[in-house]
2 protein chains.
Amino acid sequence: MRFIHTADWHLGRLFFGRHLTDDQAHVLDELVRLAKDACAEAVVIAGDIYDRAVPPVEAVELFDDTLSRLLLEEKLKVIYIAGNHDSAARLGFGSRLLAGGGVFVAGQLQADAPPIILDDAHGKVAFSLLPYMEPATVRFAYGEAAQELMGFDEATSFTVARAAALVPERCRSVAVAHAFIAGGASSDSERPLSVGGSDSVSPACFAPFSYTALGHLHAPQRAGAENIRYSGSLMKYSFSEAGQRKGVTIVDLAADGTVSVEEVPLAAPHDLAVVRGTLEEILGDRERFPKSEDYIAVELMDEGPVLDANGKLRAVYPNLLQVTRPGLMEQAGILREQGREKLGRPDDVLFSEFFADMTGKKLDEAQEKALHEALAELLREEREAKI
Amino acid sequence: MRFIHTADWHLGRLFFGRHLTDDQAHVLDELVRLAKDACAEAVVIAGDIYDRAVPPVEAVELFDDTLSRLLLEEKLKVIYIAGNHDSAARLGFGSRLLAGGGVFVAGQLQADAPPIILDDAHGKVAFSLLPYMEPATVRFAYGEAAQELMGFDEATSFTVARAAALVPERCRSVAVAHAFIAGGASSDSERPLSVGGSDSVSPACFAPFSYTALGHLHAPQRAGAENIRYSGSLMKYSFSEAGQRKGVTIVDLAADGTVSVEEVPLAAPHDLAVVRGTLEEILGDRERFPKSEDYIAVELMDEGPVLDANGKLRAVYPNLLQVTRPGLMEQAGILREQGREKLGRPDDVLFSEFFADMTGKKLDEAQEKALHEALAELLREEREAKI
C-alpha cells in the first residue's frame, strides 16, 4: 500500500497579519496532484489541520474543497486526526457519517476505538488514529484505568499500547499520532504542548507499528527510528523554518510490513527567506541581493539610525514581513554608555548630532540660527510657566 | 412519500443565560423516535440549525449525534439548509462528501443548484434547497442576471423561480426555504431579516411546488396556502411563544402530488409559562399557582415595593427566569406625580416612609433618635465642606 503522510496544515494561519489561505490553496492543489500522480491509495493527515479551534470561514472552505477533491475526484481515502491546534469536537463533526464515504476522522480521543482497516493487494492494513493525547484527555477518555497517568510520556505510552493491542494479529499497522517525540528538532511555530512541564514522549511505544505517521514538529524528520517519522508542515510557518524542506512523505508499505519512504517537496508560491546586510548593501547590490517576491525577514546590520528602512526595502522585497536590527543590538552596550554621557551635553549640541545622524549633513548657518531661536523661545516659555 | 418537516432548532441557544442543550437533546431524541415510528423516509430541516454562526461545541456534538442516529440507525435521508442564524459556509462543510451517504446540505446559496432527487414507490420527488436568500447573497450567487433585484421579495421570487425551472417535468417537488412569508405570525425570538426595510415575501413564488417546507417563523402555521407551511421551531425560545404548540409536521406526498399534513407535538422537559399575580397570591395560593419545574416568567402585580421577590418565588418556581413588574408600571404615572411632591418633604420623613415600605414597620423611638443624629451629622459635614 502506498499512502501520503502529511501533517500540520495550519489552515487559517495568520503570518505577520497576512492570511496564507491563497498560498495554502496553491500547495494543497499540488498535494492533490501529487497524490494522484503517485497513485497513492490514501492521504493521512497527522493533526493540526487548522491553526485554531475556530478557523476562519475561508479555511473551512479550503479544507472542504481539498477533501472533496481527494475523495470524489481522485477516489482516495483520507484519514485525519485532531492536533493540539484543532478543536477536537469541531474537527470530528460528521465523523460517523463520513466514514461510509472513505473519510476517517478522529476528533476527540475515544477509549479503545478500533483501528480503521483498509485493504490492499496483500491483505489488510490497520490504521490506529491517535489524536492529540493530553494527559487530562487520556484520563477522561479511559477513566479509572488511566487515573494514575502523569505527564505526556505516560499518557501517550498508555494510549498507544491500548491501540496497538487492538490491531488484529499479523496485520500490518500504521499509527497516526500528534505528539512531540523526545529529541525532535523544533521550530518557532509549534505551540508547546506543555508549559513548564515536559511534553516529550519516548518513541518506544510506537515500536509495534509497521509505520508511525507523526504530526506536530514542522521539520520533516525521523523520530527514533526510520519507520517513525514526521512529514513536517505543509508550508514554512516561521522564519526559523526558512532552511527547512517542506513537502509530504510518500510511504510504501510492503506485503511483509517493511516500509520505504520518500520525502517529496511541495513548493509554495512564496518561499520564506532571511536576508542579512546593511541597508546600503541591500539596496545597492542586486547581485548579492536579487529582487524577490518571497516572504522576507531582513536583519539590518547598520549600527546607526536609518530612515524609513521598511519603505526602502519594499522596493526590493514587496513581501517584506519583518525588519530586525541585530546591528543595533550589538551596539546596544556602547550606545547605553554613550547615552549616559550625552545626557550631560547642551540641547543644541544634542540636536545637531541628531540632525547629522538622520540626514547625513551638518546644520548650515540658517538652520543653526533657527535652532537657537527655537530653543530660546522654548526656554522662555518654560520659565514663564514656572512662575 | 412521507417525510418530517422541522425547522429552527437553534442549537446552542442561551435562554436567560441558560444553555438549553440538555432540553434540546431531549426533544431531538423524541424527534428521532417519532421519525422512526412514523416510518418517515426523510427529515427536512428548514434552516436555523444553530443559534449562531459559531455555535458552542456541545451544539455541534448534539447535531452530529442527531444526524448520525437518523442516518445510520434509522436509515433515513436528511436534508438541511442554512437559515439566517447559521454560518452558511460552516454549515455547508462536507456537503459534497455527505451527499453520498444520504445527507443533503445547502449551506451557501449556489446559483442553479440542481434539486435533490429522492425516489419513492410512485417515482421521483425533487427537493429544491433554498438556504437563506438575502438580496445581496442572491445578487452575488446569480451575478449579472440578478443585479437589478432589490429587497427580499424580488430576490426570493427570482431564486425560487430559477429553482422551480430545474424541477424535472411531471416530477413531484418540495421547496425547502428559510424566509419570512408576508402575513406570518411572528414571535420575540426570530431575528428580523432586515432592519428598517421589508423582509417579507409573497408566497406566490412557491405555487409551482407540491409542498413548501419553511423555516424562520417559530409558530407552526400555513403561509398563504395549505401546502406552504412553517413547522415552527423545535422548542419555545421566548416567553411570547408560551402559548404556541411546538413539534414537527408530518407530510404525506401522494402519487399525484397532493399533500396531507399532520402537526405532531414534541414535549420539552421544561415547558415555558407566564404567571401573573401578586407575590402574596403566588406564594400563598397553591391551587391557582401550583409548584412547577417549568421555565417561568412572573408578572408581579404588586403596586408597592417587594423584598427579594426572586428569592421567594424560587421556592415555588425553581426555574424562574424572569420577574417583571407590570403592577409597578401601571402605577408609574401616579408614582411620578408622587415623586415630584415627595422631593419637597424633609429628609427624616422621606426616610421613615422608605423604612416602612421596605420592612412593613414604623421606626421605633431608638431608631428615630439614631436617624436624627445621623442626619444632623451629615448636615454638619456638608456645611463644613462648603466653607
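All values reported here derive from a predicted model rather than from experimental measurement.

**Topic: helix α5 (residues 135-142) of chain A**
Residue and element names in this part refer to chain A.
For step 1, the next point in the chain: Every buried residue of α5 is accounted for by P135, V138 and Y142. The arc that holds every buried residue of α5, seen down its axis, measures 60°, which confines them to one face.
For step 2, the next point in the chain: G143 sits one or two residues past α5 and shows a positive phi near 65°.

**What to know about the packing of helix α5 (residues 135-142) of chain B against helix α6 (residues 151-165) of chain B**
Residues and elements named next belong to chain B.
For step 1, the next point in the chain: Their axes nearest at 9 Å, the elements α5 and α6 cross at an angle of 40°. In terms of orientation, α5 and α6 fall into the oblique class. For the crossing formed where α5 meets α6, the hand is left-handed. Facing α5, whose interface residues are P135, V138 and Y142, α6 presents G151, F152, A155, F158, T159 and R162.
For step 2, the next point in the chain: Of the residues that constitute the contact of α5 with α6, the class distribution is six nonpolar, two polar and one charged.

**Digging into the UniProt feature "domain: Calcineurin-like phosphoesterase" (unreviewed entry) in chain A**
For step 1, the next point in the chain: Under the feature "domain: Calcineurin-like phosphoesterase" (unreviewed entry), the UniProt entry names residues 1-93 of chain A.
For step 2, the next point in the chain: Counted over residues 1-93 of chain A, helix gives 41% and strand 19%. Its end C-alpha atoms are 28 Å apart.

**Notes on the nonpolar core**
For step 1, the next point in the chain: Counting 92 residues, the largest nonpolar core has A:F63, A:Y80, B:F63 and B:Y80 as the members making the most contacts within it.
For step 2, the next point in the chain: The residues touching B:Y80, leaving out its near neighbours within four places in the chain, are A:F93, B:I45, B:I49, B:F63, B:L67, B:L91, B:L98, B:V103, B:F104, B:V105, B:A106 and B:L129.
For step 3, the next point in the chain: One finds B:M133, B:A175, B:A177 and B:L193 within the second-largest nonpolar core, a separate group that totals 33 residues.

**A short note on the sheet that holds strand β5 (residues 77-81) of chain B**
All names here are of chain B.
For step 1, the next point in the chain: Here six strands make up an open sheet; going across it, the order is β6-β5-β4-β1-β15-β16 and the pairing mixed. Each edge of the open sheet is held by one strand with a lone partner, namely β6 (103-106) and β16 (259-265). Averaged over neighbouring strand pairs, the angle between their axes works out to 20° when direction is ignored.
For step 2, the next point in the chain: As paired elements, strand β1 (residues 2-6) and strand β4 (residues 42-45) share four bridges and run parallel to each other. Bridge pairing links I4 to V43 in β4.
For step 3, the next point in the chain: Across the sheet, helix α2 (residues 57-73) lies against β4, β5 and β6, angled at about 145° from β5, the strand it touches most.

**Observations concerning the side chain of A:H218**
Residues and elements named next belong to chain A.
For step 1, the next point in the chain: Structurally, H218 is set in the loop between β12 (211-215) and β13 (221-225).
For step 2, the next point in the chain: Here H10 takes part through its side chain, which lies 3.1 Å from a polar atom of the side chain of H218.
For step 3, the next point in the chain: Setting aside residues no more than four positions away along its own chain, H218 makes contact with D8, H10, S187, S189, E190, G232, S233, Y237, E241, Q244 and K246.

**Regarding the relation of the copies chain A and chain B**
Superposition of the two copies of the chain requires a rotation about an axis together with a shift along that axis.
For step 1, the next point in the chain: With an RMSD of 0.4 Å, the operation that places chain A on chain B is a rotation of 180° combined with a shift of 0.0 Å along the axis. Both chain copies can therefore be described as sitting about a two-fold axis. Among all C-alpha atoms of chain A, that of A:L98 lies closest to the rotation axis, at 3.2 Å.
For step 2, the next point in the chain: When the interface residues of chain A are mapped onto chain B, 100% of them are again interface residues, pointing to one common binding face.

Here is what the cut-offs are and how they apply
Residues numbered from 1 in each chain as written. Chains lettered and ligands numbered in written order. Predicted model: local features only at pLDDT ≥ 70, side-chain atom pairs only at ≥ 80, totals over all residues. Heavy atoms only, no water. Buried < 20%, exposed > 50% of the residue type's maximum accessible area, 1.4 Å probe, protein only. Helix = DSSP H or I, 4+ residues; strand = E, 2+ residues; numbered from the N terminus. Arc of directions from axis to C-beta. Axes fitted to C-alpha atoms, helices over the stretch in contact; angles between N-to-C directions. Parallel < 35°, antiparallel > 145°, perpendicular 65-115°, else oblique. Left-handed = near helix turned anticlockwise from the far one by under 90°. Contact = heavy atoms within 4.5 Å. Nonpolar A, V, L, I, M, F, W, Y, C, P; charged D, E, K, R; others polar. UniProt positions renumbered as here; feature names shortened; annotations may be inferred. Core = buried A, V, L, I, M, F, W, Y, C linked by side-chain atoms within 4.5 Å. Pairing = 2+ DSSP bridges. Polar contact = N/O pair within 3.5 Å; in protein donor to acceptor, adjacent residues only side chain to side chain. Least-squares fit on C-alpha atoms with pLDDT ≥ 70 in both.

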